[in-house]
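These are the residues of each chain, in order.
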Amino acid sequence: MIIDQRTFTVKGIHYTIRSAITADAMILSKLRVQIDGETENLDREPGEAFIDEIEFQQLILSDSEKLRNLFLIAVVNNQIVGFSRCEGHSLARFAHKVEFGVCVLQDYWGYGIGKNLLAESIAWADANGIQKITLNVLQTNDKAITLYQKLGFEIEGILKNDKILADGKFYNTIMMGRFMDR
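Peer 1: Honestly, the packing of aromatic side chains in this entry has me stumped. Any pointers?
Peer 2: When we look at a pair of aromatic rings, we describe it by the centre distance and by the angle of the planes. Considering all chains together, one arrives at 5 aromatic pairs under this definition. Between the aromatic rings of Phe-71 and Phe-83, the centroid separation amounts to 5.8 Å while the plane-to-plane angle is 35°, which identifies the pairing as tilted. Taken together, the residues Phe-71 in strand 3 (residues 70–76) and Phe-83 in strand 4 (residues 79–88) connect sequence positions 12 residues apart. Between Tyr-148 and Phe-153, the aromatic rings sit 5.8 Å apart at their centres with planes inclined by 55°, giving tilted as the arrangement. In this pair, the class of Tyr-148 matches that of Phe-153, namely buried. A connected cluster of aromatic rings, assembled from ring pairs, spans Phe-56, Phe-71 and Phe-83.

Below is the structure:
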């Protein structure tokens, strides 16, 4: 699905959040690898589950056509600095919910970009009758967990010893969900 773009100013940084377009695909392919290398809070090591330009184009086209999918990007000075996706389900028993994921370049942490990508996704979900948004977050990512809780998410479960990070230790994943305002 496509949404109207919105502009934000936080701590002197101006940025726009808009729906991804196919012309963004090459940059998104490179950006995803870069962001994966900047944090261990995401599921992938740099280059794992690589998505090339053509695959991103197909993903963007598909997401723009599906009523239960949303692909957003954040742009600062004509540079994509982050993106998020909501992916819906085709199975009838899961059609009421979407899964949310987000990533932002580390240089742009602290400017509300991830928060506003999520807030736009929540507004879209609520406006389109989506009853639930789910997400997973590394248990040690306290800032993200606090943000998600402020935006109405609650902890639904813990996947114990779910990930092994670079230090060789196991870490838990928190499963969170937000239900549509009624």
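Peer 1: Sorry, what's going on with the nonpolar core here?
Peer 2: Counting 48 residues, the largest nonpolar core has Leu-28, Ile-113 and Trp-124 as its most contacted members. It is strand 3 that contributes the most residues to this core, 7 residues altogether. Once residues within four sequence positions are removed from consideration, Trp-124 is found in contact with Met-1, Ile-3, Leu-67, Arg-68, Asn-69, Leu-70, Cys-86, Val-98 and Ile-130.

Peer 1: In this structure, what is going on with the packing of helix 1 (residues 25–38) against helix 2 (residues 53–65)? I would like to understand it.
Peer 2: Between two packed helices, what matters for the description is the angle formed by their axes and the separation of those axes. Direction vectors running N to C along helix 1 and helix 2 enclose 110°, while the axes themselves pass 8 Å from each other. One element, helix 1, and the other, helix 2, form an angle in the roughly perpendicular class. For helix 1 against helix 2, the interelement crossing comes out right-handed. Listed contacts from helix 2 to Ala-25, Met-26, Leu-28, Ser-29 and Arg-32 of helix 1 are Glu-53, Phe-56, Gln-57 and Ile-60. Its residues placed into classes, the contact of helix 1 with helix 2 shows 5 nonpolar, 2 polar and 2 charged.

How each quantity is defined
Residues numbered from 1 in each chain as written. Predicted model: local features only at pLDDT ≥ 70, side-chain atom pairs only at ≥ 80, totals over all residues. Heavy atoms only, no water. Phe/Tyr/Trp six-rings, centres within 6.5 Å; stacked < 30°, edge-to-face > 60°. Helix = DSSP H or I, 4+ residues; strand = E, 2+ residues; numbered from the N terminus. Buried < 20%, exposed > 50% of the residue type's maximum accessible area, 1.4 Å probe, protein only. Core = buried A, V, L, I, M, F, W, Y, C linked by side-chain atoms within 4.5 Å. Contact = heavy atoms within 4.5 Å. Axes fitted to C-alpha atoms, helices over the stretch in contact; angles between N-to-C directions. Parallel < 35°, antiparallel > 145°, perpendicular 65-115°, else oblique. Left-handed = near helix turned anticlockwise from the far one by under 90°. Nonpolar A, V, L, I, M, F, W, Y, C, P; charged D, E, K, R; others polar.

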